[in-house]
Amino acid sequence: MEIDLTNNTPVLLSRIGRPESHTLSDYRADGGYEGLARVLRDMKPEDLIQLIKDSSLRGRGGAGFPTGLKWSFLPKDHPGPIYFCLNADESEPGTFNNRILMEEDPHQVIEGLILACYATRSVTAYYYMRYEYPRAWERLLKALDECYSAGILGKSVLGSGFCLDIFPHRGAAAYICGEETGLIESLEGKRAWPRIKPPFPAVEGVFRKPTVVNNVETVACVKQIVDRGVDWFKSLGVPADPKNPRDPGSYGPKLYCLSGHVERPGCYEAPLGITVHQLVDHFGGGVWKNRHAKAAIPGGISMGLLKADEFDCPLDFAGPGRYGCLGLGTAAVVVMDETVSMVDFLHNSARFFAHESCGQCTPCREGTAWALRMLERIRAGRGRLKDLDLLLEIGDTIGIMPGTTICGLADGAAWPLKNAIRKFRSEFEEYMQRTNPSGYQQTDAVPALSSLSHGGH
Amino acid sequence: MPSTEKKSNSTPVLNNEMRDEIRKYFARYPTRQAVTLPALHVVNKYLRHVPLQAVVEIAELLELSPAQVQDTLSFYGFFPQQAPHGEVRAWVCRSISCALRGGEEVLAHMCAKAKIQPGETTANGKLTLEFGECLGACELAPCMLAGDQLVGHLTAESSEEFLASCGALGTS
Ligand SMILES: Cc1cc2nc3c(=O)[nH]c(=O)nc-3n(C[C@H](O)[C@H](O)[C@H](O)COP(=O)(O)O)c2cc1C
Ligand code: SF4
Ligand code: FES
């Protein structure tokens, strides 16, 4: 079922595109920081946690975990400090919504972050931004300066007595720093090796203290819920499935990133649950060059693949899973037209994950590298049908879900393998028969083309 | 300034400006080790690489062993150690949204024109050209980050203009 878009008005993106949208004065002219002042005056931290719980807000960083619930896992009456880490490492291929928010409306993010810190009783927040966002970085530094000068940060936020510092921290070009415990290790000055959980960060996080990690868009939603209320938030999106008591629903607006082979790539705001068709046609102007779509990534490359005849998939937290994908992820849709070879797609995906695996777990380190070697060989015309089963074996056995790795990067590496080969198997087979007519049926061991060098991380 | 830091034997590569900039971070974190990444960025900003001697000196400042700093540094593959990167350091995206719109061809074209391989620096030291993974600007695909400048919708022509503008066209 399609979501009605006739009255769709951007909220998270409402200020974007104006020349001064990033300045404090412009933000305040739109009522910025008034919601924060009201909360500091009228609400206790636990009231704010309850408000966010009532809204059913789920994290926008990829896992969709209920935000209010995450906050309530913090130990009660902890002597402190409790730390907040804002996850602005955004590196999932296809994803750029955090960048738009941070470049164009940095104060919206900061107000949301302050509210989240107040709710969680954090007095120090680390704003962890990926290195490759120099413009967002510069605007963040400026916005923080503005906040300190205006008494919005520091010893007494807006005169309330609530003390908060936000420290910007810059990454160094590694995807794994977006995984929350990888981020924590990186922040501590170590290699970004994700931690085994439990303990969860809420119990023992950065500097061995209780820690909350949230995504940039998540805290922006917190600010909007404070301003507009729970009823507004829950008026958008897809309600919880009454038959599934564990489904928290998919409420609120979402920033969808659309790229690849569409006429108008961009970041678009719509209620959770629009279909891929709606995103591509209503917002993206359709597939480019009057071509047909062949496939799409539903939510960042980690989430796998949808075939063109699956574009009725609703982009809510439960939708992509029903189509065999890993989940909604970052809601970054990448469209591929009919000319794209799935061999090339899968090679690109495998190369990314082999490059970004932190190397800590053997199944992930070896599995991603082995998959890449095989795909290089297949692409070079030396593929054998047997390789597809070997690739699937990797896909089916690496990750948190099969229980063989520490973090979800491996699940993200696995899903494109599983979806591409299971949904497009005949294309891979035809490619092998065509490019390797004498050897495609071979089943004995073959050497890789060359040993891969792991230059970098 | 009185200092309790151990002095090492080689000539120091961290000047006072860098040291002061690094020390400014101390108050932000409950541990010195957390200043590792900020310190590496400071040194890389000034020297365009972080030689081993700098690692030793950062370790002294942060009261760590050089091995701890080197361990972190080597994880990222971001900080050159052998030689400085070029005056401009550019990353051309090779991830999926850019690849679908010709990103890999642009990178190959640029490397051919600058007569270097990805990861290398032109002989005149003007440009280091690297591949990057998704730069978070997929709506501008194919794109690159050149220093602090995000350049979108790259074509063979616009990428050559960029090479010419930084003096990296067929120099080596
Ligand atoms: C490999 C990997 C990379 C991730 N990268 C990011 C990221 O760049 N930004 C982000 O917010 N979450 C990322 N996540 C999800 C985080 O671990 C975490 O769930 C999220 O930051 C929590 O915030 P939220 O509840 O507000 O979504 C990543 C997860 C994995 C497994
Ligand atoms: S799953 Fe991969 S990326 Fe995650 S901790 Fe293990 S080796 Fe590192
Ligand atoms: S894929 Fe190139 S910027 Fe995202």
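From a predicted model like this one, the values you see are computed outputs, not experimental measurements.

Conventions we followed
Residues numbered from 1 in each chain as written. Chains lettered and ligands numbered in written order. Predicted model: local features only at pLDDT ≥ 70, side-chain atom pairs only at ≥ 80, totals over all residues. Axes fitted to C-alpha atoms, helices over the stretch in contact; angles between N-to-C directions. Helix = DSSP H or I, 4+ residues; strand = E, 2+ residues; numbered from the N terminus. Parallel < 35°, antiparallel > 145°, perpendicular 65-115°, else oblique. Left-handed = near helix turned anticlockwise from the far one by under 90°. Contact = placed C-beta atoms within 7 Å. Nonpolar A, V, L, I, M, F, W, Y, C, P; charged D, E, K, R; others polar. Buried ≥ 20, exposed ≤ 12 C-beta atoms within 10 Å, placed from the backbone. Pairing = 2+ DSSP bridges. Core = buried A, V, L, I, M, F, W, Y, C linked by C-beta atoms within 7 Å. Near = placed C-beta within 6 Å. Domains from an automatic or database assignment. pLDDT = per-residue confidence, 0-100.

**Student:** Help me understand the packing of helix α14 (residues 385–397) of chain A against helix α15 (residues 409–423) of chain A, please; the structure alone is not making it clear to me.
**Tutor:** Each packed pair of helices is defined by two parameters, the angle between the axes and the distance between the axes. All names here are of chain A. Packing of α14 against α15 leaves a shortest axis separation of 8 Å and a crossing angle of 140°. The pairing of α14 with α15 is recorded here as oblique in orientation. In the crossing of α14 with α15, the sense of the turn from one axis to the other is left-handed. Residues L388, L391, L392, I394, G395 and D396 of α14 pack against A414, L417, K418 and I421 of α15. When the residues that make up the contact of α14 with α15 are grouped by side-chain class, the tally is 7 nonpolar, 1 polar and 2 charged.

**Student:** Honestly, the interface of chain B and chain A in this entry has me stumped. Any pointers?
**Tutor:** Accessible area lost when the parts come together is the quantity often used to give the size of an interface. The interface is formed by 33 residues belonging to chain B together with 45 residues belonging to chain A. Counting only elements with at least two residues in the side of chain B that touches chain A, the list comes to α2 (36–47), α4 (66–76) and α5 (96–99) of chain B. Broken down by element, the residue count for the side of chain B that touches chain A peaks at 4 residues, all from α4 of chain B. Among the residues making up the side of chain B that touches chain A, the classes are represented as 17 nonpolar, 11 polar and 5 charged.

**Student:** Can you walk me through the pairing of strand β2 (residues 127–132) of chain B in this structure?
**Tutor:** Walk down a regular strand and you will see the side chains alternate between the two sheet faces. All names here are of chain B. Within β2, 5 of the 6 residues are buried, which leaves the element mostly enclosed by the surrounding structure. Bridge analysis of strand β1 (residues 88–93) against β2 gives 6 bridges, and the strand direction is parallel. Its bridge partner being in β2, W91 is matched across the sheet by E130.

**Student:** Any chance you could explain the nonpolar core here in plain terms?
**Tutor:** One broad rule of soluble globular proteins: the nonpolar side chains tend to lie buried together. All names here are of chain A. Membership of the largest hydrophobic core comes to 200 residues, with the highest contact counts inside it found for C85, A296 and V333. No other element matches helix α6 (residues 106–120), which puts 9 residues into this core. The contacts of V333, once residues within four sequence positions are left out, are Y256, C257, L258, V276, L279, A296, I297 and P298.

**Student:** Would you mind going over the site of ligand 1 with me for this structure?
**Tutor:** Residue and element names in this part refer to chain A. For ligand 1, the set of nearby residues contains 24 residues, the closest of which are G59, G61, G178, N215 and G408. Taken together, the elements giving at least two residues each to the shell around ligand 1 come down to β4 (211–215) and α15. Classifying every residue of the shell around ligand 1 by side-chain character gives 6 nonpolar, 12 polar and 6 charged. If you count residues domain by domain, the shell around ligand 1 takes at least three from each of domain 1 (24–235) and domain 3 (342–435).

**Student:** I would appreciate a short explanation of the sheet that holds strand β3 (residues 165–170) of chain A in the present structure.
**Tutor:** In a beta sheet, neighbouring strands are held together by backbone hydrogen bonds and run either parallel or antiparallel to one another. All names here are of chain A. Across the sheet, 4 strands lie side by side as β3-β2-β1-β4; this open sheet has parallel pairing. At either end of the open sheet lies a strand with only one pairing partner, and these are β3 and β4. In this sheet, neighbouring strand axes are inclined to one another by 20° on average, regardless of whether the strands run parallel or antiparallel. Note that strand β2 (residues 124–129) and β3 share 6 bridges and pair parallel. Each bridged residue has a counterpart across the sheet, and for Y128 the counterpart in β3 is H169.

**Student:** What should I look at first to understand the environment of F424 of chain A in this one?
**Tutor:** Here F424 of chain A lies in the loop between α15 and α16 (425–435). Taking the number of C-beta atoms within 10 Å as the measure of exposure, F424 of chain A has 20 and is therefore buried.

**Student:** Teacher, can you tell me more about the confidence of the model for chain B here?
**Tutor:** Any residue range with low pLDDT should be treated as having predicted coordinates unsuitable for detailed reading. All names here are of chain B. Put simply, chain B has an average pLDDT of 94, and 93% of its residues get 70 or more. Below pLDDT 50 for its whole length, residues 1–5 participates in 2 contacts with residues either more than four positions away or in separate chains. The ipTM value of the predicted complex is 0.95, and its pTM value is 0.96.

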